There are 2 protein chains.
Amino acid sequence: MKGILYGIGVGPGDPELITVKAVNILKNIDVVIGPRTQKKGSSLALDIASPYLKPDAEILELVFPMVYEEETLNTAWESSSNEILNQLNLGKKVAFLTLGDPMLYSTYIYIYRLLSKKAAQIETIPGITSFCAAASRLGFPLADTNDIISIVPATCERKDLDRALAISDTVVLMKVSKDFPGIIKSLQTNNLADNAVMISKCGHPEESIHYNLTSQEALKPNYLSTILAKRSSK
Amino acid sequence: MKGILYGIGVGPGDPELITVKAVNILKNIDVVIGPRTQKKGSSLALDIASPYLKPDAEILELVFPMVYEEETLNTAWESSSNEILNQLNLGKKVAFLTLGDPMLYSTYIYIYRLLSKKAAQIETIPGITSFCAAASRLGFPLADTNDIISIVPATCERKDLDRALAISDTVVLMKVSKDFPGIIKSLQTNNLADNAVMISKCGHPEESIHYNLTSQEALKPNYLSTILAKRSSK
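Just so we're clear, the structure is a prediction, and the values are computed from it rather than from any experiment.

Attention now moves to the overall build of chain A. Along chain A, the regular secondary structure elements total seven helices and 10 strands. Taken along the three principal axes of its C-alpha coordinates, chain A extends 60 × 35 × 35 Å. Split into buried and exposed, the 234 residues of chain A put 56% on the buried side. Carbon and sulfur atoms make up 50% of the accessible area of chain A, which totals about 10,200 Å². Across chain A, 24 positive and 25 negative side-chain charges occur, with their mean positions spaced 2 Å apart.

Attention now goes to the interface of chain B and chain A. Between chain B and chain A, the residue contacts involve 54 residues of the former and 54 residues of the latter. Together chain B and chain A conceal approximately 4,400 Å² of surface at their shared face, both sides included; 61% is due to carbon and sulfur atoms. It is Glu16(B), Met103(B) and Ser136(B) in chain B that bury the most area against chain A; as a group they hold 13% of the surface buried on that side. Scanning the region where chain B abuts chain A turns up four salt bridges. Taken together, chain B and chain A are joined by 30 residue pairs in polar contact (both at pLDDT 80 or more). Those elements that provide at least two residues to the side of chain B that touches chain A are helix H1 (20-26), helix H4 (108-117), strand S5 (122-125), helix H5 (130-138), strand S6 (149-153) and helix H6 (158-167) of chain B. A class-by-class count of the residues in the side of chain B that touches chain A yields 32 nonpolar, 11 polar and 11 charged. In this structure, strand S6 (residues 149-153) of chain A lies alongside S6(B), joined through three bridges in antiparallel fashion. Residue pairing across strands places Ile149(A) opposite Ile151(B), the latter belonging to S6(B).

Moving on, we get to the relation of the copies chain B and chain A. Least-squares fitting of chain B to chain A yields an RMSD of 0.0 Å, with the transformation described by 0.0 Å of translation along the axis and a rotation of 180 degrees. Overall, the copies show the geometry of a two-fold rotation axis. Taken together, the interface assignments show that 100% of the residues at the interface of chain B recur at the interface of chain A, consistent with an identical surface on both copies.

With that out of the way, let us pick up the packing of aromatic side chains. The description of an aromatic ring pair rests on the distance of the ring centres and on the angle between the ring planes. All names here are of chain A. This structure, assessed with the given rule, holds six aromatic pairs over all chains. Taken together, a centroid distance of 3.8 Å and an interplanar angle of 5 degrees make the contact between Trp-77 and Tyr-110 stacked. Within this pair, whereas Trp-77 is found in helix H3 (residues 70-89), its partner Tyr-110 is found in helix H4 (residues 108-117), the two being separated by 33 residues in sequence. On the accessibility criterion, Trp-77 (10% relative accessible area) is buried. Pairing Phe-96 with Tyr-108 gives two aromatic rings, centres 5.8 Å apart and planes at 45 degrees, and the pair type is tilted. Of the two residues, Phe-96 is situated in strand S4 (residues 93-98) and Tyr-108 in helix H4; the sequence distance between them amounts to 12 residues. You'll find Phe-96 and Tyr-108 in the same group, each marked buried. Here the aromatic residues Phe-96, Tyr-108 and Tyr-112 are joined through ring pairs into a cluster of three or more.

Residues and elements named next belong to chain A. Structurally, Ser-106 can be placed in the loop between S4 and H4. The class of Ser-106 is buried, set by a relative accessible area of 7%. A polar contact is formed between the side chain of Ser-106 and the backbone oxygen of Pro-102, at a distance of 2.6 Å. A polar contact is formed between the side chain of Ser-106 and the backbone nitrogen of Tyr-108, at a distance of 3.2 Å.

Here we take up the pairing of S6(A). Residues and elements named next belong to chain A. Buried residues dominate S6, accounting for five of its five residues. Neither face of S6 is exposed, since Ile-149, Ile-151 and Pro-153 on one face and Ser-150 and Val-152 on the opposite face are all buried. As paired strands, S6 and strand S7 (residues 170-174) are joined by five bridges and run parallel to one another. Looking at the pairing, Val-152 lines up with Leu-173 of S7. Following the chain from S6 across helix H6 (residues 158-167) to the adjacent parallel S7, one finds a crossover that is right-handed.

Turning our attention to the environment of Ala95(B). The topology assignment puts Ala95(B) in strand S4 (residues 93-98). In contact with Ala95(B), other than residues within four places in its own chain, are Tyr6(B), Ile8(B), Leu26(B), Ile29(B), Val31(B), Val32(B) and Ile33(B).

This brings us to the domain arrangement of chain A. Residue and element names in this part refer to chain A. Taken domain by domain, chain A holds domain 1 (4-125) and domain 2 (130-230). Here the C-alpha centroids of domain 1 and domain 2 sit 28 Å apart. Here domain 1 is connected to domain 2 by zero salt bridges. Along the contact surface separating domain 1 from domain 2 lie zero residue pairs in polar contact (both at pLDDT 80 or more). Here the side of domain 1 that touches domain 2 is composed, by residue class, of six nonpolar, one polar and no charged.

Definitions and cut-offs
- Residue positions are given per chain, counting from 1 as you read along its sequence in written order.
- Ligands are numbered from 1 and chains lettered from A, in the order in which they are written.
- Local features are withheld for residues below a pLDDT of 70 in this predicted model, meaning they are given only at 70 or higher, and side-chain atom pairs are given and counted only at 80 or more; totals for whole chains, interfaces and linings count all residues.
- Side-chain calculation: all heavy atoms of the structure are included, whereas hydrogens and water are not.
- A run of H or I in DSSP counts as a helix once it spans at least four residues, and a run of E counts as a strand once it spans at least two, with each numbered from the N terminus.
- For every residue, the accessible area (1.4 Å probe, protein chains only) is compared with the maximum for its type, and the residue is labelled buried under 20%, exposed over 50%, or partly exposed between those bounds.
- Here the Shrake-Rupley method, with its probe set to 1.4 Å, supplies the accessible areas, and only the displayed protein chains count as covering residues.
- Positive charges are assigned to Lys and Arg, negative charges to Asp and Glu, while His and the chain termini are left out of the count.
- Here the site of a charge means atom NZ of a Lys, CZ of an Arg, CG of an Asp or CD of a Glu.
- Contacts between residues were defined by any pair of non-hydrogen atoms, one from each residue, lying within 4.5 Å.
- Once two parts are put together, the accessible area they lose, assessed with a 1.4 Å probe and summed over both, is termed the buried area.
- The term salt bridge refers to a pairing of a side-chain nitrogen on Lys or Arg with a carboxyl oxygen on Asp or Glu at a separation within 4 Å.
- Each polar contact in these results corresponds to two N or O atoms within 3.5 Å; when the atoms are within protein, one needs to be able to donate a hydrogen and the other to accept it, and residues that are neighboring in sequence are counted only if both atoms are side-chain atoms.
- Basically, the charged four are Asp, Glu, Lys and Arg, the nonpolar ten are Ala, Val, Leu, Ile, Met, Phe, Trp, Tyr, Cys and Pro, and anything else, Gly included, counts as polar.
- Pairs of strands are assigned from DSSP output, requiring at least two bridges between the strands.
- Least squares is the method for superposing the copies, and the C-alpha atoms it fits come from residues with pLDDT of at least 70 in both.
- Paired rings are identified among Phe, Tyr and Trp, the last through its six-membered ring, by centres lying within 6.5 Å, and are further divided according to the angle between planes into stacked (under 30 degrees), edge-to-face (over 60) and tilted (the rest).
- By convention, orient the strands away from the viewer: a clockwise path from the first strand over the helix to the second makes the crossover right-handed.
- Note: domain ranges come from an automatic or database domain assignment.

See the structure below:
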């Protein structure tokens, strides 16, 4: 197997927040995979990478179902990883693109695990995370000196959310669309609501920013919204 | 005040892990600040940025004392922010460089807070964090689906460390040079020691990586070492 797979983080969405390393690798890629869900027609990650690709680079369309049935997911990942393996066996340089960072809540992690077991040569290129982009955009220092930060998908169990909020100086809350009033209540209980801000589609043309979340419990945030919150006593 | 201050994250140390946005801004900078400590002669952040600077870009040397006396620190930051303000009043485009991300445990945060109060125009450019770089380098997936991650400076109080470890699926432990055996014990107690790896000077020529930390309590990690650890039950 002479090919190599690059897992490439293309950053949070702003096309300029890709790294020089990612750009240099993309210039020599033979096959590029920008995973898309069945719902969306295009891939933002692919749009970001496109300007750097060789004119004859092949786009491999792999569809990753946005479902929670483990069996359906496993079948899809197994099939996708086999397709990638075929390309590697042909000696191709393959790029698997991911928004944000490839090692943080990404589909790439599953592909990486499967292909590592099959002894594929893999190199992973880190990307700017969505919460770092949000913090810079908002002028929201995430942590200094001995501050503890937790990154919590708000889709987790409520008790796990509450335990994480209790011990954190700063919280990055992702996927806050489900039970928004409940999330606000948890932030209040833990003295994290006063210095909280929610950002949706950070850096995109439709970006929106909300402060004073406690008075906005009726908001219906989209799935890609993130809350940054800091303990008031600090 | 016509000038603008850019707080620029230049990434974890690998010169290629700077963003295209940072590079494009650096090309037009008049004055660049790469903070250095009194101990070290050169600035790694400045070395990374140098190839992109205009030939006549001015390097402003500001020394930030590596001490914990609040008064000494405040005086240094106040004096540095005033020097930057002078440049902005001259209409200069000023870049303040920071390794990693500017909103995470950086000197820039203090400068940002002081200059925000003085109504300076500021734009912050996020950077690749050291722990994302380490995760990609090590093939260490940080989190999937509902995993909770904590980022903990091991210099914090032991009880805070233990509380954070207890609620986390993945832990990023920074500044682990102090009481290394104690840190390992805390990881063990919280079922986080078996899947733990320590990396020092990630991406540098003198990079070192250590697995099986429980059998290496005698290690003397340097200040810039990071441990990534994942709960075994997952």
